[in-house]
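Residue strings, one per chain:
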Amino acid sequence: MVANANTVKATETSFRVIEALRERDGAGVSDLAGDLDLSRSGVHKHLTTLCELGYVRKEGDTYRASDRFFTLGAGIRDSDPLFELSRESLVELASAMNERVALYVRRGDELTCLYSTADRNKPDRPSPDGARRSLEDSFVGRIVRAQEDGTDPGKAGTDVEELQSIRGHQIAFETVDGVRRIAMPILGPADAPVGVVVVSGTAERLKGRRVGEDAPGLMVSTIESIESAFEAAETE
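Now for a look at the structure at hand. Residue positions are given per chain, counted from 1 along the sequence in the order it is written. Where local features are concerned, this predicted model is filtered to residues with pLDDT of at least 70; where side-chain atom pairs are given and counted, the filter is 80 or more; whole-chain, interface and lining totals use all residues. As a rule here, side-chain values come from all non-hydrogen atoms in the structure, and water together with hydrogens is ignored.

**Considerations on the packing of aromatic side chains**
For clarity, the threshold we go by: Each Phe, Tyr or Trp ring, with Trp reduced to its six-membered ring, pairs with another whose centre is within 6.5 Å; inter-plane angles below 30 degrees give stacked pairs, above 60 give edge-to-face pairs, and intermediate values give tilted ones. In this description a helix means any DSSP run of H or I spanning at least four residues, a strand means any run of E spanning at least two, and both kinds are numbered starting from the N terminus. Relative accessible area decides the class of each residue, using a 1.4 Å probe on protein chains only: under 20% of the type maximum gives buried, over 50% gives exposed, and in between gives partly exposed.
For the coordinates displayed, the defined rule picks out two aromatic pairs. Here the aromatic rings of Tyr 55 and Phe 69 are separated by 5.2 Å at their centres, their planes lie at 55 degrees, and the arrangement is tilted. Pair noted here: Tyr 55 is in the loop between α3 (40–53) and β1 (56–59) and Phe 69 is in helix α4 (residues 68–78), with a separation of 14 residues, a long-range link. When the centroid spacing of 5.6 Å and the interplanar angle of 65 degrees are considered together, the rings of Phe 83 and Tyr 115 count as edge-to-face. Pair noted here: Phe 83 is in helix α5 (residues 81–97) and Tyr 115 is in strand β4 (residues 110–116), with a separation of 32 residues, a long-range link. For the pair shown, Phe 83 and Tyr 115 are each scored as buried.

Shown next as structure tokens:
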């Protein structure tokens, strides 16, 4: 719950309902009322309103968030200048590496995954699209902090294995549950990180020269291309 006298409680409650539907992958009125500590009649009113607006759909006695959120999210993503300028380069990087590539953009104290390519080698691996990561306690967040102030992202108990610097860009590596990730920031005005590119794949595939030379070289070339396009767009 947002602790702010200027917020509208009904709106907060509606979003609590939506979040609960997402977490449960659908639910009935009674389950939602119990989870949210709200009356059944109150939950029903919120659900009815959300259904009328097209943001929730009803299947029997079960309510689910509708595809309208996907439409909203895709529109927000597509209008982001960094996504627009980097998508083609990211697809090319994914093709060159034959691994998943993801773009995280900075949103205040968080990073949001706006886009990721398909994982051709492990199709059942969940997509990170829409994931939000803290600057303070996540792998992608710590590479931003490392770029900003030179701190070691592995000092706070993360799984970061190594930190390097290539042509002015920090690059970090981690391996979790057999998946290896390589992260490098995208630098904007005054060399401030505006996003992070992550290449990820199984540790069996991302090893040796591929992780030590090929990936870092391809990543820094891709990111420098994105930065040049971003700088050009900023000066127009």
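**Remarks on the nonpolar core**
Keep this limit in mind: In plain words, nonpolar cores are sets of buried Ala, Val, Leu, Ile, Met, Phe, Trp, Tyr and Cys residues tied together by side-chain atoms within 4.5 Å. Only heavy atoms matter for contacts: two residues are in contact if any of them lie within 4.5 Å across the pair.
By size, the foremost hydrophobic cluster in this structure holds 26 residues, and its most contacted members are Ile 182, Val 197 and Met 219. With seven residues, the single largest contributor to this core is helix α7 (residues 209–235). In this view, Met 219 contacts Leu 93, Ile 171, Ile 182, Ala 183, Met 184, Val 197 and Val 199; residues no more than four positions away in its chain are not counted. Within the second largest apolar cluster, 15 residues are counted, among which are Ala 20, Leu 21, Val 56 and Tyr 63.

**Here's the deal with the layout of surface pockets**
Under the convention used in this document: Residues are said to line a cavity or pocket when one of their atoms sits within 4 Å of a point; the points come from a 1 Å grid over protein atoms alone, cavities being sets where a 1.4 Å probe fits but cannot get out and pockets being open sets with protein on both sides within 12 Å along at least five of seven lines. Grid points are joined across faces, edges and corners, and a volume is the space filled by probe spheres set on the points. Each residue is assigned to one class: nonpolar for Ala, Val, Leu, Ile, Met, Phe, Trp, Tyr, Cys and Pro, charged for Asp, Glu, Lys and Arg, and polar for all the others, Gly among them.
Its boundaries defined by the atoms lining it, the largest pocket holds a volume of some 1,100 Å³. Around the largest pocket, the lining is made up of 25 residues, and of these Arg 22, Phe 69, Gly 73, Asp 129 and Gly 130 lie nearest the centre. Counting residues per element, the ones that place at least two in the lining of the largest pocket are α1 (9–24), β2 (62–65), α4 and β4. When the residues that make up the lining of the largest pocket are grouped by side-chain class, the tally is 11 nonpolar, five polar and nine charged. The space that makes up the second largest pocket amounts to roughly 370 Å³. Together, 16 residues line the second largest pocket, and Tyr 104, Pro 128, Arg 133, Glu 174 and Arg 181 are the ones closest to its centre. For the lining of the second largest pocket, the secondary-structure elements that each account for two or more residues are β3 (100–107), α6 (139–149) and β9 (193–202). With three residues, the single largest contributor to the lining of the second largest pocket is β3. Taken together, the residues of the lining of the second largest pocket break down into eight nonpolar, three polar and five charged.

**A closer look at unusual backbone geometry**
One non-glycine residue with positive phi stands out, namely Asp 25, at about 60 degrees. By the element assignment, Asp 25 lies in the loop between α1 and α2 (29–36). Even without glycine at this site, Asn 98 takes up a positive phi of about 55 degrees. Assignment of secondary structure puts Asn 98 in the loop between α5 and β3.

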